[in-house]
Structure formats: C-alpha cells, structure tokens
Amino acid sequence: MENRIELRGLRKRFGGKTALDGVTLDMEGGVFGILGGEGAGKSTLLRALATLLPLDGGEARVCGLPLEKAGAVRALVGYLPGDFGVYGNLRLREAMDYLGALSGLDAPTRRARTQQLLGLVGLSGEAETRVRRLDAGALRRLGVAQALIHDPRVLLLDEPTAGLAPEERARVRALLSEAAIDRLVVLATQRPDDVEAVCARVAVLEAGRLRFVGAPGDMVNRAEGKVFLADLPEEALPTLRRRYRVVSVVSHGQRRVARFLDPEGAPGVGRADRPGIRDAYLLCLNGGVPA
C-alpha cells in the first residue's frame with residue numbers, strides 16, 4: 001500500500017457554484033502542492049480527502065482505499081484545516097492528549113507522541129502554555145503536530161503558512177519537508193513561493209479545474225519568453241495595463257519600469273525577462289502555460 005492519492009473525475013457543487021470540475025490527478029511521495037486562489041477548490045478537495053465532505057461524482061483513493069471506507073481512510077490521514085482551532089484554555093499537552101484520544105490512541109501512546117511531536121514542531125518548551133497564548137505561527141505549528149498525532153501516512157494541510165511572518169513561514173516549510181520524509185504531504189496554498197520552496201510537484205487549480213500538473217521548475221520553464229520589462233513614461237502605464245497583465249511597477253522619477261505578462265510572447269514593447277514562480281503561476285491561470 002503506497003503513500004499515494006488517486007483522483008478520477010472528481011466533481012462537487014455548492015448550489016450554483018462548481019467547486020471541483022472533473023479533477024483527475026495522482027499524488028505520491030514528498031510534498032505535493034495544490035496551488036490556487038480564493039475559490040479555486042483547494043479546501044473542498046482537502047475536506048473531501050479527509051472524508052469530511054461528500055463528493056457529487058468521480059472516484060478517489062487514499063493509499064488504495066476508496067473514500068467510502070471513511071473510518072479506514074481517516075486512520076491513514078492527518079488533516080489541518082484552514083481555520084484550525086482548539087479550546088483556548090487547554091494547555092498544549094492537554095490539547096494534544098485530547099486530540100490523540102479522539103484518534104483512538106491509548107494514554108501511554110498519547111503521552112509519548114505528544115512529547116515527540118511538540119519537540120518536532122519546536123514547542124516542547126511550551127507544553128504547559130495555554131493554547132490561547134500562542135501567536136499565529138505557533139498555533140499553525142501546533143496544528144501540524146495534532147495532524148501527526150496518530151502517525152498518518154498522508155498529511156493534508158490547508159494554508160499552513162497563511163498570515164505568518166517570513167521567518168515563521170520558513171519554520172513551517174522546514175517542518176513540512178521533514179514530515180514528508182516518510183509520508184505524502186499535500187500542501188494547499190495561495191503562495192507560489194511555498195510551492196517553490198518545498199514541493200516536488202504541484203497542481204494548479206482555478207475555479208475547480210486543473211490548469212497545470214508537474215514540477216514547479218517545469219512550470220517556470222514554460223513561462224520563458226512570456227515575461228517582459230518595459231521602461232515607459234507614467235502616462236503610458238494605463239494603456240499597458242489595458243493590454244497586458246502588469247504584475248509590478250517600479251517608479252523612477254516620471255518614468256515607470258513595468259513587469260508584465262504576454263502569453264503570446266510578442267508584445268512589441270519592452271524586453272524579455274527571466275520568469276519566476278509567481279509569473280509562471282499567473283500565466284498558467286491566464287492560459288499561457290499548457291497543462
């Protein structure tokens with residue numbers, strides 16, 4: 001039984017809104033990124049894989065098990081929701097013990113796993129601290145620890161770096177890389193730099209549809225020749241914005257240096273620039289990078 005997720009034609013609607021539109025995808029080993037903006041379908045996909053949300057169609061298997069075998073799948077999956085929270089008056093060791101009990105672990109195992117995991121996420125010195133006193137970064141790291149309490153083979157993480165300072169994002173990313181040594185970690189994020197930092201492969205979702213699946217480096221390579229810099233007077237900037245997606249502007253007196261995207265690769269203005277992961281992601285959404 002491999003640490004693998006297989007999706008075939010997944011569909012999910014909420015009223016008149018399509019959240020997943022025929023998603024077919026394989027994920028295995030290491031950190032796999034699900035990259036997309038608000039409403040892309042990332043959280044819906046993770047909730048379905050955690051057996052917390054029924055699908056309208058398609059098939060999904062986690063480590064070979066269909067989602068219909070919910071109890072068996074949950075034993076294999078650890079889940080960090082985007083809105084993770086736990087009773088604020090609990091001490092960290094109490095919160096971990098409570099969540100371990102919900103996972104069916106006996107008391108000695110809960111104590112051992114709590115000590116091990118709080119150390120793993122850098123919170124061993126905070127075991128007696130109440131949850132309400134944690135800052136955002138420490139709370140997200142506690143969330144990763146609780147998702148690992150029953151030693152799952154698959155870890156589903158919804159926006160684990162959202163709202164964190166750069167140094168805290170780096171700590172969480174390092175934690176994800178370590179957790180992925182012997183399991184599949186699925187990282188849902190809006191941040192292309194998260195994907196570039198830790199993911200071996202990534203799937204880009206937009207409005208429930210796949211726009212790209214592959215290595216982050218491949219996505220960047222396919223954006224070559226489609227990113228440009230133009231040095232132009234301030235009054236010319238609105239015209240450029242109407243024609244192209246301008247991703248950044250740097251002011252130099254009365255002139256502006258604009259970075260912009262052209263999926264066709266022939267804007268007739270400016271000079272080509274080397275693409276980055278964010279450029280590649282935006283081009284992917286605009287149809288400039290083939291799936």
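Draft legend 1. A look at the sheet that holds strand 12 (residues 245-252). Read from one edge of the open sheet, four strands run 12-13-11-14, paired in antiparallel fashion. Strand pairing shows two members of the sheet lacking a second neighbour, strand 12 and strand 14 (271-272), which therefore form its edges. The pairing of strand 12 with strand 13 (residues 255-261) spans seven bridges and is antiparallel. Paired with Ser 248 across the two strands is Arg 259, which belongs to strand 13.

Draft legend 2. Structural detail: the packing of helix 3 (residues 92-102) against helix 5 (residues 136-147). Where helix 3 contacts helix 5, the axes come no closer than 10 Å and their chain directions differ by 35°. The two elements helix 3 and helix 5 meet at a crossing, and its hand is right-handed. Facing helix 3, whose interface residues are Leu 92, Met 96 and Leu 99, helix 5 presents Leu 142, Ala 145 and Gln 146. Here the contact of helix 3 with helix 5 is built from residues that sort into five nonpolar, one polar and no charged.

Draft legend 3. Geometry of helix 10 (residues 277-285). Here helix 10 lies mainly inside the structure; eight of its nine residues are buried. Listing the buried residues of helix 10 in full gives Ile 277, Asp 279, Ala 280, Tyr 281, Leu 282, Leu 283, Cys 284 and Leu 285.

Draft legend 4. Representation of the nonpolar core within the structure. Counting residues in each nonpolar core, the largest one holds 53 residues, and the members touching the most others are Leu 142, Val 204 and Met 219. Beyond its immediate chain neighbours, meaning those up to four positions away, Val 204 contacts Leu 35, Arg 209, Leu 210, Arg 211, Phe 212, Met 219, Tyr 281, Cys 284 and Leu 285.

Thresholds applied
Residues numbered from 1 in each chain as written. Predicted model: local features only at pLDDT ≥ 70, side-chain atom pairs only at ≥ 80, totals over all residues. Heavy atoms only, no water. Pairing = 2+ DSSP bridges. Helix = DSSP H or I, 4+ residues; strand = E, 2+ residues; numbered from the N terminus. Axes fitted to C-alpha atoms, helices over the stretch in contact; angles between N-to-C directions. Left-handed = near helix turned anticlockwise from the far one by under 90°. Contact = heavy atoms within 4.5 Å. Nonpolar A, V, L, I, M, F, W, Y, C, P; charged D, E, K, R; others polar. Buried < 20%, exposed > 50% of the residue type's maximum accessible area, 1.4 Å probe, protein only. Core = buried A, V, L, I, M, F, W, Y, C linked by side-chain atoms within 4.5 Å.

Remember that the coordinates give geometry; whether it matters functionally is a separate question.
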